[in-house]
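The lines below spell out each chain.
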Amino acid sequence: MKRIIVVGNGMVGHHFIDQFIQQEKMAEVQITTFSEESRLAYDRVQLSAYFSGKTADDLMMTSPEYYDDNGVQYFVNDKVVGIDKDAKTVTTAQGRVESYDKLVLATGSFPFVPPIPGKDQDHCLVYRTIDDLEDITASAKESKVGVVIGGGLLGLEAANAIKQLGLDTHVVEFAPRLMAVQVDNGGGKILRNKIEALGVTVHTEKNTKEIVKGETCRYRMNFADGSHVETDMIIFSAGIRPQDELARSFDLTLGERGGIQVDDNCLTSDENIFAIGECALWQGRIFGLVAPGYQMAKVAVDQIVGEGKLAFTGADMSTKLKLLGVDVASIGDAHGNAQGAQNYVFTNEAQQVYKKLVISACGKKLLGAVMVGEAEDYGSWLQIYLNDMDIPGSPENMLVPPAEGGAVTMGVDALPDSAVICSCLDVTKGQICAAVQDGATSIGDIKTVTKAGTGCGGCSALVTQVLNAELASMGVAVNTDLCEHFAYSRAELADIIRVKRIKTFEALITEFGAGHGCEVCRPTVANILASFWNDYILEDDHLGLQDVNDVYLGNMQKDGTYSVVPRIPAGEITPDKLIVLGEVAKKYGLYTKITGGLRIDLFGAQLHQLPEIWAWLIREGFETGHAYGKSLRTVKSCVGSTWCRYGVQDSMSLAIDLENRYKGLRSPHKIKFGVSGCTRECAEAQGKDIGVIATEGGWGLYVCGNGGMRPRHADLFATDLDTDTLYKYIDRVLMFYIRTADRLQRTSVWLENLEGGLDYLKEVVINDKLSLTAELEAEMAANIANYQCEWKTTIESPEKLLRFKHFINSEESDTAVQFVAVRDQIRPATPAERAGQIAVLEVS
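### Considerations on the pairing of strand S10 (residues 145–149)
Part 1 of the argument: For S10, a buried count of 5 out of 5 residues is recorded, marking the element as mostly surrounded by other parts of the structure.
Part 2 of the argument: The alternating pattern of S10 places Val145, Val147 and Ile149 on one face and Gly146 and Val148 on the opposite face, and all of these are buried.
Part 3 of the argument: As defined by bridge partners, S10 adjoins strand S11 (residues 168–173) across 5 bridges and the pair is classed as parallel. Each bridged residue has a counterpart across the sheet, and for valine 145 the counterpart in S11 is aspartate 168.
Part 4 of the argument: As judged from the 4 bridges shared by S10 and strand S16 (residues 233–236), these two strands associate in the parallel manner.

Shown next, in the form of structure tokens:
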């Protein structure tokens with residue numbers, strides 16, 4: 001078998017392997033890969049998600065099992081340190097010697113650290129790997145102020161990371177503006193304004209001369225102009241350099257400023273050695289994005305299998321990013337360097353939006369573009385540029401649509417089949433259309449078949465447009481019906497229920513539906529009814545609609561027991577109430593955990609125990625925390641100005657008021673709030689559906705963020721609000737969301753799908769564009785007025801209590817429930833433990 005060695009198992013190295021696995025000739029080769037790091041390939045593009053709750057495992061792009069199943073040999077924690085080109089072998093730091101027929105260098109790049117005196121001290125770090133992130137997290141626990149040296153893409157990613165860790169954050173940039181490569185002066189100004197509004201201090205045109213001991217912080221950075229800044233942590237993110245040490249040491253041709261020189265076939269100066277990704281230099285250029293690296297990987301695979309059909313001819317470096325929650329995009333010749341180029345610029349300082357088009361001398365071709373603050377047109381503009389299409393209409397109308405005609409856009413129907421929709425995976429419009437014709441009818445199907453949208457994710461909106469357009473061309477309607485029983489969307493049903501004042505599922509399905517309902521429509525309608533009328537959810541009219549969690553007012557766990565989560569507004573609790581929770585947990589033998597939302601979860605309660613536990617908790621002043629419902633879960637808060645020396649407002653009091661105001665509010669999906677007493681953001685408000693951050697002038701409101709599987713930074717909605725106005729805006733946003741969202745749609749996805757996006761939501765909520773604000777406020781007031789503690793209502797009804805038994809003819813408990821003791825608490829027994837192979841606890 002031929003032997004292929006891949007040096008480096010980053011995103012590009014893994015993509016080469018993944019592409020080769022798809023080849024018929026995979027059966028004829030043995031691929032071996034070496035990773036200098038302790039883990040296999042992971043998604044560096046999404047590194048910042050590590051600070052939003054994702055783990056290293058979440059970022060992994062492959063696994064030992066995948067490589068084992070496909071016959072790929074892999075070694076981690078072992079760096080290739082030598083190449084013998086004559087013998088065609090490599091030697092590793094651990095002494096392994098492996099032979100190859102073809103060698104692929106995918107060694108990537110390393111962070112450039114300027115030669116500043118003092119740069120090698122503790123807490124002076126880089127931002128490149130998961131190990132680096134762990135070092136940054138550890139340093140942040142001992143720091144209050146952090147500085148990032150470098151205001152480019154990675155620098156702003158790093159700034160976002162340390163800001164999320166709660167540090168007072170600064171960015172120091174040598175150039176006159178941030179992201180100097182991607183944006184021009186106008187875009188740089190708006191970008192700086194938006195980032196500083198988020199609490200990050202920006203220092204441009206600063207040359208750091210030395211790092212010395214500080215007076216108020218750990219270090220002092222002295223600048224060449226005589227100014228300085230003090231900080232506890234420094235992150236260097238001043239660019240990257242190609243990792244070409246191996247090639248340099250073993251006589252492969254390099255560029256004058258580094259990088260392994262390759263031709264159009266990605267071959268180096270040795271006919272058996274390829275270089276791909278950020279270590280490769282093609283026609284004097286290093287490509288620092290993942291998409292060009294993926295293209296190089298495909299070319300190298302094509303050359304090795306002997307096809308010879310592909311060549312690397314350069315790559316588009318257009319990018320769309322969200323940095324500290326700010327949309328930034330750059331297309332083609334963003335600086336207008338082409339001869340005769342004409343610039344069309346739109347600046348909206350009130351909304352902090354900047355857009356520029358670079359148009360050819362003939363006025364028909366798009367040469368480049370810059371977007372800061374809003375980038376909804378990026379997908380269509382990029383396709384016009386990539387496919388050398390004539391711009392639709394006048395350039396100025398692309399920036400500021402004529403009032404009577406609406407936006408000047410180019411539909412996906414105008415794109416050729418060769419148009420690359422997903423640049424990361426090189427997926428064309430034709431491939432997506434072919435997948436639809438073969439039966440793919442959803443975005444999930446498209447991702448499975450073509451992989452489009454599984455890279456950086458920036459193409460998802462365009463992929464959806466292509467999918468829907470192709471379905472329509474085939475005569476397949478894009479069905480928005482909730483289910484077979486209702487020929488309406490969730491938003492349409494919400495309007496019907498609200499306008500017709502329908503109070504029961506039976507009344508709704510009799511007049512507007514068919515059949516008896518299903519597991520989709522019944523809980524959806526129950527949720528809408530609760531959102532508008534807030535009746536007791538276990539009334540006979542509603543009981544058959546709920547899922548099991550709502551039916552038993554607690555979350556069912558894997559072993560059939562339930563969790564009990566009392567509300568603890570904003571996490572504030574007296575010692576006496578803490579003791580009560582301890583006594584309850586001790587008496588009933590419950591597993592006890594403090595959650596990330598500042599509550600205490602009690603796990604392992606059996607069905608018959610729930611009313612007893614609720615009665616005890618209610619007697620001591622607790623009420624339901626609605627952890628079982630699609631409703632307000634928690635309002636996370638720091639202690640604010642009452643205790644913290646950095647706090648500028650009483651965040652704790654506001655958080656308690658907000659939680660008490662909106663407790664019990666049912667919505668299309670669960671919602672979470674956060675309130676921070678200053679811009680250090682200890683409550684992580686910008687990762688919540690509703691986030692509030694104290695300012696010197698009042699409160700800043702952020703909307704539609706979330707953590708979870710698909711983290712999204714919340715958008716700044718309004719600043720310096722007084723408390724009454726803050727409440728009004730939140731009332732309006734939430735009720736508009738309840739009216740218009742789809743089934744089980746998070747606020748983040750709702751906003752992304754809302755036509756007009758954030759600007760439209762501001763028009764509706766702040767400027768009353770639809771003349772709805774009075775209605776929205778009245779609906780919220782009615783919901784608040786109808787609040788009741790569902791635990792309390794239940795224990796006061798002997799009839800409802802009959803539901804909370806394991807057996808209708810016995811008071812016995814469920815003897816099938818078994819636990820195992822772990823760390824002085826309990827957990828559910830595993831199947832092996834339940835089978836008697838390991839001892840379990842008796843349940844009383």
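Having seen the model, we can carry on.
### Remarks on the pattern of salt bridges
Part 1 of the argument: One pass over the structure, following the stated rule, counts 31 salt bridges.
Part 2 of the argument: With a closest N to O distance of 3.5 Å, lysine 189 and glutamate 349 form a salt bridge. Residue lysine 189 is located in helix H6 (residues 185–197), and its partner glutamate 349 is located in the loop between strand S23 (342–348) and strand S24 (353–359); the two are separated by 160 residues in the primary sequence.
Part 3 of the argument: Connected through shared salt-bridge partners, Asp495, Arg498, Arg739, Glu775 and Glu779 make up one network.

### Quick notes on the environment of arginine 218
Part 1 of the argument: Looking at where arginine 218 falls in the secondary structure, it is placed in the loop between strand S13 (208–213) and strand S14 (219–223).
Part 2 of the argument: With 15 residues separating them along the chain, arginine 218 and methionine 233 place their C-alpha atoms 7.7 Å apart.
Part 3 of the argument: When near neighbours in sequence (up to four residues on either side) are disregarded, arginine 218 contacts His123, Glu142, Ser143, Val212, Lys213, Thr231 and Asp232.
Part 4 of the argument: Among the polar contacts made by the side chain of arginine 218, one reaches the main-chain carbonyl oxygen of aspartate 232 at a distance of 2.6 Å.

### Focus on the sheet that holds strand S5 (residues 89–92)
Part 1 of the argument: Within the open sheet, the 3 strands sit side by side as S4-S5-S6. Their pairing is antiparallel. Across the chains shown, the open sheet's two edge strands, defined by having one partner strand only, are strand S4 (80–84) and strand S6 (97–99). The sheet shows a mean angle of 25° between the axes of neighbouring strands, direction not considered.

### Considerations on the packing of aromatic side chains
Part 1 of the argument: For the coordinates displayed, the defined rule picks out 19 aromatic pairs.
Part 2 of the argument: Taken together, a centroid distance of 6.0 Å and an interplanar angle of 50° make the contact between tyrosine 67 and tyrosine 74 tilted.
Part 3 of the argument: With relative accessibility at 25%, the residue tyrosine 74 sits in the partly exposed group.
Part 4 of the argument: A ring pair is formed by phenylalanine 287 and phenylalanine 312, whose centres lie 5.5 Å apart and whose planes are at 80°; its orientation type is edge-to-face. Within this pair, whereas phenylalanine 287 is found in the loop between strand S20 (280–282) and helix H8 (290–304), its partner phenylalanine 312 is found in the loop between H8 and strand S21 (319–323), the two being separated by 25 residues in sequence.
Part 5 of the argument: Looking at phenylalanine 287, the relative accessible area reads 1%, which means it is buried.
Part 6 of the argument: Feature note: the residues Tyr552, Tyr562, Trp614, Trp791 and Phe804 constitute an aromatic cluster, connected by ring pairs.
Part 7 of the argument: Here lysine 503 stacks its cationic end above the ring of tryptophan 533, 5.0 Å away from the centre of that ring.
Part 8 of the argument: Residue placement shows arginine 680 over the ring face of tyrosine 646; its charged tip is 4.2 Å from the ring centre.

### Examining the side chain of aspartate 270
Part 1 of the argument: Mapped onto the secondary structure, aspartate 270 falls in the loop between strand S18 (260–262) and strand S19 (273–275).
Part 2 of the argument: In this structure, aspartate 270 is buried with no salt-bridge partner, the nearest side chain bearing the opposite charge being lysine 85 at 4.7 Å.
Part 3 of the argument: The residues touching aspartate 270, leaving out its near neighbours within four places in the chain, are Lys85 and Leu252.

### Quick notes on the nonpolar core
Part 1 of the argument: If you look at the biggest cluster of nonpolar residues, it comprises 91 residues, and the most contacted ones within it are Phe16, Phe20, Leu105 and Ile276.
Part 2 of the argument: The biggest single contributor to this core is H8, with 8 residues.
Part 3 of the argument: When neighbours within four sequence positions are excluded, phenylalanine 20 is seen to be in contact with Ile4, Lys25, Met26, Val29, Ile31, Val301, Ile304 and Val305.
Part 4 of the argument: Ranked by size, the runner-up nonpolar core spans 64 residues in total, among them Ile496, Leu701, Leu734 and Met735.

Cut-off values and rules
Residues numbered from 1 in each chain as written. Predicted model: local features only at pLDDT ≥ 70, side-chain atom pairs only at ≥ 80, totals over all residues. Heavy atoms only, no water. Buried < 20%, exposed > 50% of the residue type's maximum accessible area, 1.4 Å probe, protein only. Helix = DSSP H or I, 4+ residues; strand = E, 2+ residues; numbered from the N terminus. Pairing = 2+ DSSP bridges. Salt bridge = Lys/Arg side-chain N within 4 Å of Asp/Glu carboxyl O. Contact = heavy atoms within 4.5 Å. Polar contact = N/O pair within 3.5 Å; in protein donor to acceptor, adjacent residues only side chain to side chain. Axes fitted to C-alpha atoms, helices over the stretch in contact; angles between N-to-C directions. Phe/Tyr/Trp six-rings, centres within 6.5 Å; stacked < 30°, edge-to-face > 60°. Lys NZ or Arg CZ within 6 Å of the ring centre and 35° of its normal. Lys, Arg positive; Asp, Glu negative; His and termini not counted. Core = buried A, V, L, I, M, F, W, Y, C linked by side-chain atoms within 4.5 Å.

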